[in-house]
Amino acid sequence: MTGTPRPAAAAAPVLLIPGPWAEDALCAQTDPDLWFPEIGGHREAATARRICRACPVRAECLDYALAGADTWNGFTTGIWGGTSPAERKQIRRARKAAAA
Ligand code: SF4
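Keep in mind the model is a prediction, meaning the values are calculated, not measured.

1. Looking at the overall build of the chain
In terms of regular secondary structure, the chain is built from 4 helices and 2 strands. The helix and strand sequence of the chain, counted from the amino end, reads α-α-α-β-β-α. Within the chain, the fraction of its 100 residues that count as buried is 15%. A separation threshold of at least 6 residues defines the contact pool for the chain, and within that pool the share at least 24 residues apart is 51%.

In structure tokens:
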């Protein structure tokens, strides 16, 4: 089909696709629920963060999260690149301030 894009298509959410780096993600080799712990799931979060520290694609993962992959319906969730949502909020603020 050619012509002007339909408004509904323009308003569709963008699904971010990770790069080939994701093939080396350590979290893909274990229980993914560790990276999305329930409220109060400190033990699971600590385990996820420990695994992240050894992950060879930690930097790529963090960039991917900061690009928006960690946010769904306005809520930022999960452990990405070894960081919590609160830590990524701080990183976003710092980057925004540095860019201003
Ligand atoms: S750094 Fe990212 S890709 Fe690596 S284990 Fe942690 S969440 Fe998974």
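2. As for the nonpolar core
L34, W35, A48, C52, V57, C61, Y64, A65, I79 and W80 form the largest nonpolar core, which has 10 residues in total. Mapped onto this core, the elements with two or more residues apiece are helix 2 (42-53) and helix 3 (58-69). Apart from the residues lying within four places of it in its own chain, the contact partners of W35 are C27, A48, G78 and I79.

3. Focus: unusual backbone geometry
Its identity as a non-glycine residue notwithstanding, N73 has a phi of 55°, on the positive side. Secondary-structure assignment places N73 in the loop between strand 1 (71-72) and strand 2 (75-76).

4. Let's talk about the site of the ligand
Close to the ligand lie 14 residues; A25, C27, C52, C55 and C61 are nearest. Put simply, the parts of the chain that give the shell around the ligand at least two residues each are helix 2 and helix 3. A breakdown of the residues in the shell around the ligand according to their chemical character gives 11 nonpolar, 2 polar and 1 charged.

5. Concerning the environment of R58
Here R58 shows up in helix 3. Along the primary structure R58 and W21 are separated by 37 residues, whereas in three dimensions their C-alpha atoms are 9.5 Å apart. For R58, the residues in contact, after removing those within four places along its chain, are C52, G81 and G82.

6. With respect to the confidence of the model for the chain
Of all residues in the chain, 85% attain a pLDDT of 70 or more, and the chain-wide mean is 88. Low pLDDT (under 50) marks residues 1-12, which in the prediction has 1 contact with non-local residues, meaning those over four places away or in another chain.

How each quantity is defined
- Residues numbered from 1 in each chain as written.
- Predicted model: local features only at pLDDT ≥ 70, side-chain atom pairs only at ≥ 80, totals over all residues.
- Helix = DSSP H or I, 4+ residues; strand = E, 2+ residues; numbered from the N terminus.
- Buried ≥ 20, exposed ≤ 12 C-beta atoms within 10 Å, placed from the backbone.
- Contact = placed C-beta atoms within 7 Å.
- Core = buried A, V, L, I, M, F, W, Y, C linked by C-beta atoms within 7 Å.
- Near = placed C-beta within 6 Å.
- Nonpolar A, V, L, I, M, F, W, Y, C, P; charged D, E, K, R; others polar.
- pLDDT = per-residue confidence, 0-100.

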